[in-house]
Amino acid sequence: MNINFSKIALGLAFTAIAFSASAQKIYTQGIAIYGLTTAAGDGESKIYFTADSSAAVTVQGPATIKLLSNSKGTYFAFLIDVPVASIKKAAVLTPDEIDQFAAAAPKFTFTAGTETKQINGFNCKKVTVKDSKSGSTSTAWVTKDITAPVNSLTKAFADAGGFPVQFTTTQQGQSVDVTLKSISDTKPPVGTFGIAGFEKISLDDLKAMGGR
């Protein structure tokens, strides 16, 4: 029996290359950048994440706003940093406040579709999202190209059948259209998930600062 080992080797090599090209990218830490569209205009959120923590950072005028949370949903802290006004405040939510936020959150169910498209280089599949509380429906696009820990934007879509790339969520009662622009495995800087240097205040005090 003549066995052409060179052909076998080449075949295995091409198989390995094909598998590598289609292999799912797994992120255990990194930085994800999202585009946000609201009734007030467009913005951007940068989310630093690890396996158990995330920090969502947005800039509104002179203020940098950071939302810290853990993957279990048992810890939330809002940090406000306004250097021009010498303001550094942090409101760590109490267990009761976390329960109130959870009770007010939508309850989503997901139905996978067959339509596909590429969004910012990610191969995505359409999913119909229904809020069982309000009865409203929306569309999300999820990908199997990557996996990453949930964060404050994606937690509600953990059961959508893939990593959410484009979807609609709600923040402070306002509808927000979210699109993943990029994700990398860059390690979050030291201190990203801490509140050192911030004055602790209550959530009510924080709301009062924003006139709410």
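Since the model is a prediction, treat every value here as computed from it, not as a measurement.

**Student:** Before we go on, may I ask you to explain the pairing of strand E4 (residues 53-60) in this structure?
**Tutor:** Two faces belong to every sheet, and in a regular strand the side chains alternate between them. Examined bridge by bridge, strand E3 (residues 41-49) and E4 share five bridges and lie antiparallel to one another. Pairing of isoleucine 47 across the sheet is with alanine 56, part of E4. With antiparallel pairing between neighbouring strands as the criterion, E3 and E4 make up a hairpin whose turn holds three residues. For E4 and strand E5 (residues 63-70), the ladder comprises eight bridges, and the chain directions are antiparallel. In the sheet register, alanine 55 faces E5, and the bridge partner there is leucine 68. Following E4, the chain reverses through two residues before pairing antiparallel with E5; glycine 61 in that reversal takes a positive phi of roughly 60°.

**Student:** Is there a simple way to explain unusual backbone geometry in this structure?
**Tutor:** Negative phi values dominate among residues other than glycine, just as trans dominates among peptide bonds. Of note in this structure, serine 86 is not a glycine but carries a positive phi near 55°. With respect to the helices and strands, the residue serine 86 is situated in the loop between strand E6 (76-82) and strand E7 (87-92). Residues other than glycine seldom take positive phi values, yet asparagine 120 does so here, at roughly 50°.

**Student:** How should I be thinking about the sheet that holds strand E9 (residues 122-131) in this particular structure?
**Tutor:** Strand pairing within a sheet occurs via backbone hydrogen bonds; the two strands may be parallel or antiparallel. A sheet is described by the order of its strands in space; here 12 strands give the open sequence E8-E9-E10-E12-E13-E2-E3-E4-E5-E6-E7-E14, paired in mixed fashion. Here the strands that pair on one side only, and so sit at the sheet edges, are strand E8 (108-119) and strand E14 (199-201). Averaged over all pairs of adjacent strands, the angle between strand axes in this sheet comes to 25°, irrespective of strand direction. Here three bridges tie E7 to E14, and the two strands are oriented parallel to one another. For alanine 90, the partnering residue across the bridge sits in E14 and is lysine 200.

**Student:** For this particular structure, what's the right way to read the side chain of asparagine 70?
**Tutor:** Tracing the sequence through the fold places asparagine 70 in strand E5. Among the polar contacts made by the side chain of asparagine 70, one reaches the side chain of threonine 74 at a distance of 2.8 Å. Excluding anything up to four places from it in sequence, asparagine 70 contacts Asp52, Ser53 and Tyr75.

**Student:** I would appreciate a short explanation of the environment of tyrosine 34 in the present structure.
**Tutor:** In this structure, tyrosine 34 sits in strand E2 (residues 30-38). Looking at tyrosine 34, the relative accessible area reads 0%, which means it is buried. In this structure, tyrosine 34 is in contact with Gly43, Glu44, Ser45, Ile47, Asn151, Leu153, Thr154, Phe163, Val178, Thr179, Leu180 and Lys181, ignoring residues within four places of it in sequence. Of the polar contacts made by the side chain of tyrosine 34, one reaches the side chain of asparagine 151; its length is 3.3 Å.

**Student:** Would you mind going over the pattern of salt bridges with me for this structure?
**Tutor:** Pairing between side chains of opposite charge can happen when their charged atoms approach one another. One pass over the full model with this rule turns up five salt bridges. Residue lysine 88 is joined to aspartate 81 by a salt bridge in which the shortest nitrogen-to-oxygen separation is 3.5 Å.

**Student:** In this structure, what is going on with the packing of aromatic side chains? I would like to understand it.
**Tutor:** Considering all chains together, one arrives at four aromatic pairs under this definition. Between phenylalanine 108 and phenylalanine 110, the ring centres sit 6.3 Å apart and the planes meet at 65°, which makes this aromatic pair edge-to-face. Ring geometry for phenylalanine 157 against phenylalanine 167: centres 4.6 Å apart, planes inclined by 45°, an arrangement best described as tilted. One end of the pair, phenylalanine 157, is in the loop between strand E11 (146-147) and strand E12 (163-171); the other, phenylalanine 167, is in strand E12, and 10 residues separate them in sequence. Summarising the burial analysis for this pair, phenylalanine 157 and phenylalanine 167 share the class buried.

**Student:** So what exactly am I meant to see when it comes to the environment of glycine 161 here?
**Tutor:** Mapped onto the elements of the fold, glycine 161 is located in the loop between E11 and E12. In this structure the C-alpha to C-alpha distance between glycine 161 and valine 127, which are 34 residues apart in sequence, comes to 8.3 Å. Once you skip the residues sitting within four places of it in the chain, glycine 161 turns out to touch Val142 and Lys144.

Rules behind the numbers
- Residues numbered from 1 in each chain as written.
- Predicted model: local features only at pLDDT ≥ 70, side-chain atom pairs only at ≥ 80, totals over all residues.
- Heavy atoms only, no water.
- Pairing = 2+ DSSP bridges.
- Helix = DSSP H or I, 4+ residues; strand = E, 2+ residues; numbered from the N terminus.
- Axes fitted to C-alpha atoms, helices over the stretch in contact; angles between N-to-C directions.
- Polar contact = N/O pair within 3.5 Å; in protein donor to acceptor, adjacent residues only side chain to side chain.
- Contact = heavy atoms within 4.5 Å.
- Buried < 20%, exposed > 50% of the residue type's maximum accessible area, 1.4 Å probe, protein only.
- Salt bridge = Lys/Arg side-chain N within 4 Å of Asp/Glu carboxyl O.
- Phe/Tyr/Trp six-rings, centres within 6.5 Å; stacked < 30°, edge-to-face > 60°.

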